[in-house]
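# Architecture at a glance
Each chain, written out:
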Amino acid sequence: MKSVNPYTNKLNKEYTNHQKNEINNILNEVDLAFHDWKKTPFETRKQLMHQLGNQLELQKEELADLIVSEMGKIKKEAIGEIQKCAWVCKYYADNAEQFLQNEIIQTENFESYVSFQPLGTVLTVMPWNFPFWQVFRFLAPALMAGNTGVLKHASNVPGCAMVIEKLVKKAGFPKNVFRTLLISGSEVKQVIENPLVKAVTLTGSTPAGKSVASVAGSVLKKSVLELGGSDPYLILEDADIKEAAKLCVSSRLLNAGQSCIGAKRFIVMEKVYEAFKDEFVRLMESSKYGNPNDEEIAIGPLARIDLRDELHQQVMSSVGKGAKVLCGAYIPDGESAFYPPTVLENVQPGMAAYHEELFGPVASLFKVKSVEEGIKIANDTVFGLGAGVFTKDKEKGRHLAEKGLDAGCVFVNDFVKSDPRLPFGGVKESGYGRELSLWGIREFVNIKTVVIK
Ligand code: NAP
């Protein structure tokens, strides 16, 4: 397994994959750890989880450097990612016990209630785009619920994967409650099928999600899937156009556009289309790419050269079918995996930019005559992760968010962000199940009915 810096295109470090016997040993050790961990009182779990949050804060500079070197995001975003991980640790440390308290249900019996019991070892298969945040938003609720975890991280961030295991240990958690498996995607099947693994969650692309779901289904194990998105944003006539363009560009360029909930399609009312387009393109063009450690730049390289080249192909195949380039759409010279902020218009059905997820700094603009036409285009996708509406009419925004847009999360007058306090997840081919909040911690528990007559 190779960790390559996408800015310098130089090897950071090579890692040796775990062999079959090592995988089995790790699963055995984690299963053994579960039998003690599940009996650990909430107070102890809480202290350890707080300690983990503190540890993240203490090491945020060096952890951010590791993220930058393995997947290229800009340093200040990497620091923000570590701080968010500390937040989710503290959030679940403080709230897990209450989220998992028995719930009394009135019946004719002496007592009836629901009790939430851990399942055992949960496998988490994670992507490289937020190499700490994606893991911690699983890890914090899973461990607080009394489960143990094994991580199969993306193959290009093995350094992050190993450091996360070390951090959990350093925070004082018992040995083996959370371990990393250095394995490839093709070895995930055998791990899901292992009887010691009780459930699986994957954050990643839709094809990987389908593969994991079918294996989990074949052995009847619970799965949660957080998959891709092509998030639409409706810009209504009464929106604050400058503010909308600013927020839409921020969302599109966050993490160099490699975010599942990045705003990707901008559907603008005809009357304000030109004004929005001018401001949007101006902001995209003036956002500089460069050294991720440089404070002045807006985006670093994409995570890998092959991913950058794939994105460019999606752009050029759309251009070949009639999409118009307003800015960007070229591969810069040099060794880095850079892709410039790119804006397309005249995007039509049949084009990659219309149907597929464009996982980089590429935006598609659509001009529509009515809100109904806008909603139709917004929902004309296999994805259903996030969506947004910009309007000064909050009631109209609320109505479109609740009833109009087919997505797991809709924000009005802002872009979609994950937040430990709010459930996060999608519908359609963006996956199923929820992470974060009370909903997330209840995904990997036995929701046990107890009746006493
Ligand atoms: P990916 O290629 O699907 O990889 C994600 C993880 O799945 C990696 O650990 C990968 O391992 C593994 N994997 C790949 N194919 C697999 C298979 N057939 N069976 C089991 N595991 C498999 O996705 P990515 O390129 O890393 O991440 C980008 C995608 O993730 C985008 O589509 C993005 O929208 C999505 N994402 C979704 C969310 C969300 O919350 N909904 C959040 C972030 C990202 P290898 O690296 O070894 O191949």
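Here is a short report on the structure shown in this document. These figures come from a predicted structure and were not determined experimentally.

## A look at the packing of aromatic side chains
This model, assessed by the stated rule, comprises 15 aromatic pairs. When the ring of Tyr233 is compared with that of Phe390, the centres are 6.3 Å apart and the planes differ by 35°; the resulting orientation is tilted. Of this pair, Tyr233 sits in strand S10 (residues 231-235) while Phe390 sits in strand S15 (residues 386-390); the two residues are 157 residues apart in sequence, bridging distant segments of the chain. We note that Tyr233, like Phe390, is buried. Considering the side-chain rings of Tyr289 and Phe338, the 5.0 Å spacing of their centres and the 45° angle between planes classify their relative orientation as tilted. A residue pair is termed long-range when its members are at least 10 positions apart, and Tyr289 in the loop between helix H10 (270-285) and helix H11 (305-320) and Phe338 in the loop between strand S12 (324-327) and strand S13 (342-345) qualify at 49 residues. Here the guanidinium or amino end of Arg45 rests over the ring plane of Phe42, the centre of that ring lying 4.7 Å away. Positioned above the aromatic ring of Phe444, the side-chain terminus of Lys222 is 6.0 Å from the ring centre.

## Topic: empty space enclosed by the protein
Rolled over the atoms, a probe as big as a water molecule pinpoints where empty space is left. Counted according to the given criterion, the structure contains 3 cavities of 30 Å³ or more. Surrounding the largest cavity, 14 residues form its lining, Phe138, Pro141, Gly440, Glu443 and Phe444 being those nearest its centre. Here the element with the most residues in the lining of the largest cavity is helix H5 (residues 133-144); it accounts for 4 residues. Each residue belonging to the lining of the largest cavity can be placed in one class, and the counts come to 7 nonpolar, 3 polar and 4 charged.

## Some remarks on the layout of surface pockets
Approximately 1,000 Å³ is the volume attributed to the largest pocket. Residue lining of the largest pocket: 41 residues in total, with Trp128, Gly204, Ser205, Thr206 and Ala208 positioned closest to the centre. Elements that contribute at least two residues to the lining of the largest pocket include exactly helix H7 (188-193), strand S8 (197-203), helix H8 (206-218) and H11. Two domains each donate at least three residues to the lining of the largest pocket, and these are domain 1 (2-227 + 427-452) and domain 2 (231-412).

## Here we look at the site of the ligand
Surrounding the ligand, one finds 29 residues, the nearest of these being Arg137, Ser155, Ser205, Leu227 and Glu357. A distance of 2.5 Å separates an oxygen atom of the ligand from a polar side-chain atom of Ser155. One of the backbone N or O atoms of Leu227 is found 2.7 Å from a nitrogen atom in the ligand. The protein chains hide 83% of the 900 Å² of surface that the ligand would expose on its own.

## Regarding the nonpolar core
By size, the foremost hydrophobic cluster in this structure holds 125 residues, and its most contacted members are Phe132, Leu139 and Phe276. Of the residues forming this core, the biggest block, 12 residues, is contributed by helix H4 (residues 75-99). Counting residues domain by domain, this core receives three or more from each of domain 1 (2-227 + 427-452) and domain 2 (231-412). When neighbours within four sequence positions are excluded, Leu139 is seen to be in contact with Met49, Leu52, Ile164, Val168 and Phe178.

## Some thoughts on H10
For H10, spanning 16 residues, the distance from its first C-alpha to its last is 22 Å, which sits close to the expected 22 Å at 1.5 Å a residue. At Phe276, H10 shows its maximal kink, close to 30°. Taken residue by residue, H10 has Val272, Tyr273, Phe276, Lys277, Glu279, Phe280, Val281, Leu283 and Met284 as its buried positions. Those residues of H10 hidden inside the fold are in contact with S10, helix H9 (241-253), strand S11 (263-269), S12, S13 and strand S14 (362-368).

## Notes on the sheet that holds strand S3 (residues 103-104)
Taken together, the 3 strands give an open sheet; going across it, the order is S3-S4-S18, and neighbouring strands pair in antiparallel fashion. Bordering the open sheet on either side are S3 and strand S18 (445-452), each of which pairs with just one other strand. Where S3 and strand S4 (residues 111-118) come together, 2 bridges link them in antiparallel fashion. Residue pairing in the sheet places Glu103 in a bridge with Val114 of S4.

## Focus on the state of the cysteines
Within this structure, the stated rule accounts for 0 disulfides. Between Cys85, a cysteine without a disulfide, and Cys89, which holds the nearest cysteine sulfur, the sulfur-to-sulfur distance is 7.0 Å.

## Examining the pattern of salt bridges
For the structure shown, the criterion picks out 23 salt bridges. We note a salt bridge from Lys73 to Glu81, for which the minimum N-O separation is 2.4 Å. We note that Lys73, like Glu81, is buried. Of the charged contacts in the structure, one is a salt bridge between Glu345 and Lys324, with a shortest N-O distance of 3.6 Å. Remark: Lys324 occurs in strand S12 and Glu345 occurs in strand S13; sequence separation between them is 21 residues. Take Glu345: its relative accessible area is 8%, and that puts it in the buried class. Where salt bridges share partners, they join Glu274, Lys277, Lys324 and Glu345 into one cluster.

Scoring rules and cut-offs
Residues numbered from 1 in each chain as written. Predicted model: local features only at pLDDT ≥ 70, side-chain atom pairs only at ≥ 80, totals over all residues. Heavy atoms only, no water. Phe/Tyr/Trp six-rings, centres within 6.5 Å; stacked < 30°, edge-to-face > 60°. Helix = DSSP H or I, 4+ residues; strand = E, 2+ residues; numbered from the N terminus. Buried < 20%, exposed > 50% of the residue type's maximum accessible area, 1.4 Å probe, protein only. Lys NZ or Arg CZ within 6 Å of the ring centre and 35° of its normal. 1 Å grid on protein atoms, 1.4 Å probe; cavity = no way out; pocket = protein on both sides within 12 Å on 5 of 7 lines; lining within 4 Å. Points joined across faces, edges and corners; volume = space filled by probe spheres on them. Nonpolar A, V, L, I, M, F, W, Y, C, P; charged D, E, K, R; others polar. Domains from an automatic or database assignment. Near = heavy atom within 4 Å. Polar contact = N/O pair within 3.5 Å; in protein donor to acceptor, adjacent residues only side chain to side chain. Areas by Shrake-Rupley, 256 points an atom, 1.4 Å probe, with all protein chains shown as cover. Core = buried A, V, L, I, M, F, W, Y, C linked by side-chain atoms within 4.5 Å. Contact = heavy atoms within 4.5 Å. Expected span 1.5 Å × (residues − 1). Bend = angle between axes of the 7 residues up to and from the residue. Pairing = 2+ DSSP bridges. Disulfide = S-S within 2.5 Å. Salt bridge = Lys/Arg side-chain N within 4 Å of Asp/Glu carboxyl O.

In short, shape yes, function no, at least from these values alone.
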